[in-house]
Amino acid sequence: MVSNSKLNKKVKRSTDDLIDAAIAQQNSWMEKRRAFARRFLKTLNIFARPAPKQEDGMDVNYNQPKKNKSGLAAYWFPIACALVVVLIALWVIFVRSDSAQNVTSESSVPEPVVPTVTSDSAPMFDIVRIEQSGNIVVAGRWLADKNISVLIDGEIVATERTDSNGEFVYAPTRVFEPGNYTISLIGADPELKSEENVFIYISPRGYKNSVSLLMTADGSTLLQAPTVLNDGDLVVSKIDYLDTGRIVITGDALPRLRVSLSLNDKYLGFAKVSDHKHFGLGADVGQLETGKNYTLTVRLHDGDGRTIAQVGHTFEMPEMTGDDDTYYTVRKGDCLWIIARNFLRRGVLFSIIAERNNIENPDLIFPAQLLQIPVNKE
């Protein structure tokens, strides 16, 4: 009987056999690698150099000299592949990265622009809105955690506290009567008055006909525009044509907005409506022909200059009477300077009107006062 030790000795491979098997396996792998390399080089050689033509069934002698192309022309395919790889890399690095950055910036929502408030800044308005119920809402900003007073027509009506962001809101339950109001702000500790005021007009027809204007040193900005206009929001009450070739229009419109005048679609100028809803506008039109029809158009504009109402008047030019004077009835909010500018072209000529009507104080005229205007005086 054969012992286990002897059996194991017979089946155990020697070290030399293991080494020989490893060498054979490595040689086989190397031979496969060389075969693959030969096939790959043969493929490249097909693109780099056309196969030689055989003539009359004779084999071509590869040892005979051939006319080879230049180096770059012979290896055009590898060069083209390399160029494609380079172009793809450049596209990934520059074009794709830039487009990704653009998408990120466009998809992100920009932060709202908020005025910078410093220790010496005056209180500022953000919103002044007239509600449907007749209430008003005032929102603004100043220094954080400070008291700020709201003034209406110069009187303090409330004192609010700003939050940690410096924002405040004033929303009284009081219903305001129709009319004009001016709102301003005063900050405490340190005491600073707002550099801007807000003018609001609450229409008796409701909030849709009301107006809110932010008044600054650079002009006015419309905060709330009328959304609905009714008959009476723009009215032309009188048209005067003077023998000096000047036309004067008076009427009523929403306060502090602008009216413009045109004759036969030719723009003549504009004027601002007073706080009391009155306006007067004069312009030189030259000599109009007697018996000819003319169309006069007065337009009402919002704060952005858009036309929100217009009144047209077509008239036939009558024969001039040759009167030297005309007459004007003073309305609330009028002053001699504006009257003289409209009728006499220059406001500095108000003293002529004052002298003709025996007015001792040119700054003191009264509504319904009838003034005689010497239109032939320059």
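Owing to the predicted nature of the structure, the values given are computational and were not obtained by experimental measurement.

**Student:** Explain the overall build of the protein chain residue by residue, including any values.
**Tutor:** For the protein chain, the helix and strand inventory stands at six helices and 19 strands. Residue burial in the protein chain is summarised as follows: out of 378 residues, 32% are buried. Put simply, 54% of the contacts in the protein chain that link residues at least 6 apart link residues at least 24 apart. Of the roughly 24,800 Å² of accessible surface on the protein chain, a fraction of 54% belongs to carbon and sulfur atoms.

**Student:** How would you summarise the sheet that holds strand β14 (residues 266-272) if you had to cite specific residues and measurements?
**Tutor:** Strand order in this open sheet of four strands is β14-β13-β16-β17, and the pairing throughout is antiparallel. Only two strands of the sheet have a single neighbouring strand rather than two, namely β14 and β17 (307-316). Along the sheet, successive strands turn relative to each other by an average axial angle of 20 degrees, direction set aside.

**Student:** I'd like a rundown of the sheet that holds strand β11 (residues 234-241), residues and numbers included.
**Tutor:** Taking strand neighbours across the sheet as the criterion, the three strands line up as β11-β12-β15 in an open arrangement whose pairing is antiparallel. Pairing within the sheet leaves two strands with one partner each, and these edge strands are β11 and β15 (278-284). With strand direction ignored, the average angle separating the axes of adjacent strands in the sheet is 20 degrees. One ladder, built from seven bridges, connects strand β12 (residues 246-253) with β15; its direction is antiparallel. Within the sheet, the bridge partner assigned to Gly251 lies in β15 and is Phe279. Helix-sheet contacts for helix α5 (residues 336-344) involve β11, β12 and β15, and the interaxial angle to β12 is about 135 degrees.

**Student:** Provide a residue-level description of α5, including the pertinent values.
**Tutor:** Listing the buried residues of α5 in full gives Leu336, Ile339, Ala340, Asn342, Phe343 and Leu344. One face of α5 carries all of its buried residues, which in axial projection span an arc of 165 degrees. If you follow the buried residues of α5, they end up packed against β11, β12, β15, β18 (325-329), α6 (350-356) and β19 (370-374). Once α5 ends, the next one or two residues include Arg345, with phi positive near 80 degrees.

**Student:** For the pairing of strand β5 (residues 167-170), give the residues involved together with the corresponding values.
**Tutor:** The alternating pattern of β5 places Phe168 and Tyr170 on a buried face and Glu167 and Val169 on a face that is not buried. The sheet contact formed by strand β2 (residues 136-141) and β5 spans four bridges and is antiparallel. Bridge pairing in β5 places Val138 opposite Tyr170.

**Student:** Quick one: what's the story with the nonpolar core, residue by residue and with numbers?
**Tutor:** Membership of the largest hydrophobic core comes to 28 residues, with the highest contact counts inside it found for Leu234, Val259, Leu261, Phe279 and Leu300. Mapped by element, the contributors of at least two residues to this core are β8 (197-202), β9 (211-216), β11, β12, β13 (258-263), β15, β16 (293-301) and β17. Here this core gets four residues from one element, more than from any other, and that element is β16. Leaving out residues up to four positions away in the same chain, Phe279 has contacts with Leu234, Val235, Ile249, Thr250, Gly251, Asp252, Ala253, Val259, Lys272, Val273, Val298 and Arg331. By size, the runner-up hydrophobic cluster in this structure holds 21 residues, among which are Ile130, Trp142, Ala158 and Phe176.

**Student:** Break down the side chain of Arg141 for me, citing the residues and quoting the values.
**Tutor:** Here Arg141 shows up in strand β2. Looking at Arg141, the relative accessible area reads 10%, which means it is buried.

**Student:** Tell me about a nonpolar patch on the surface, residues and numbers included.
**Tutor:** Judged by side-chain polarity, Val84, Ile88, Trp91, Val92 and Ile93 come together as a nonpolar surface patch covering roughly 470 Å² of accessible area. Along the chain, Val84 falls in helix α4 (residues 76-107).

**Student:** If you had to explain the side chain of His278 to someone new, which residues and values would you point to?
**Tutor:** Turning to its location among the elements, His278 is positioned in strand β15. Filtering out sequence-adjacent residues up to four positions away, His278 remains in contact with Gly251, Asp252, Lys272, Val273, Arg331 and Lys332.

**Student:** Tell me what's going on with unusual backbone geometry, and back it up with residues and numbers.
**Tutor:** A positive phi angle, close to 55 degrees, is found at Asp145, a residue other than glycine. Within the secondary structure, Asp145 is located in the loop between β2 and β3 (147-152). A residue is classified by how much of its surface remains accessible, and Asp145, at 41% relative accessible area, is partly exposed.

**Student:** Give me the pattern of salt bridges: which residues, what numbers.
**Tutor:** Taken as a whole, this structure holds eight salt bridges when the rule is applied. The partner of Asp126 in a salt bridge is Arg141, and the shortest N-O contact between them spans 3.1 Å. Residue Asp126 is located in strand β1 (residues 124-130), and its partner Arg141 is located in strand β2; the two are separated by 15 residues in the primary sequence. Taking the relative accessible area as the measure of exposure, Asp126 reaches 34% and is therefore partly exposed. One salt bridge in this structure joins Arg129 and Glu131, with 2.6 Å as the shortest N-O distance. Relative accessible area serves as the criterion here: at 38%, Arg129 is assigned to the partly exposed category.

**Student:** Please give an account of the pairing of β17 that cites residues and values.
**Tutor:** Looking along a regular strand, one sees the side chains alternate between the two faces of the sheet. Summarising the sheet, β16 and β17 pair through nine bridges and their orientation is antiparallel. Bridge pairing links Val298 to Val311 in β17. In this antiparallel pair of consecutive strands, β16 and β17, the connection spans five residues, and Gly305 shows a positive phi of 85 degrees.

Thresholds applied
- Residues numbered from 1 in each chain as written.
- Predicted model: local features only at pLDDT ≥ 70, side-chain atom pairs only at ≥ 80, totals over all residues.
- Heavy atoms only, no water.
- Helix = DSSP H or I, 4+ residues; strand = E, 2+ residues; numbered from the N terminus.
- Buried < 20%, exposed > 50% of the residue type's maximum accessible area, 1.4 Å probe, protein only.
- Contact = heavy atoms within 4.5 Å.
- Areas by Shrake-Rupley, 256 points an atom, 1.4 Å probe, with all protein chains shown as cover.
- Pairing = 2+ DSSP bridges.
- Axes fitted to C-alpha atoms, helices over the stretch in contact; angles between N-to-C directions.
- Arc of directions from axis to C-beta.
- Core = buried A, V, L, I, M, F, W, Y, C linked by side-chain atoms within 4.5 Å.
- Patch = residues over 30% accessible without salt bridge, like charges linked within 9 Å, V, L, I, M, F, W, Y side chains within 5 Å.
- Salt bridge = Lys/Arg side-chain N within 4 Å of Asp/Glu carboxyl O.

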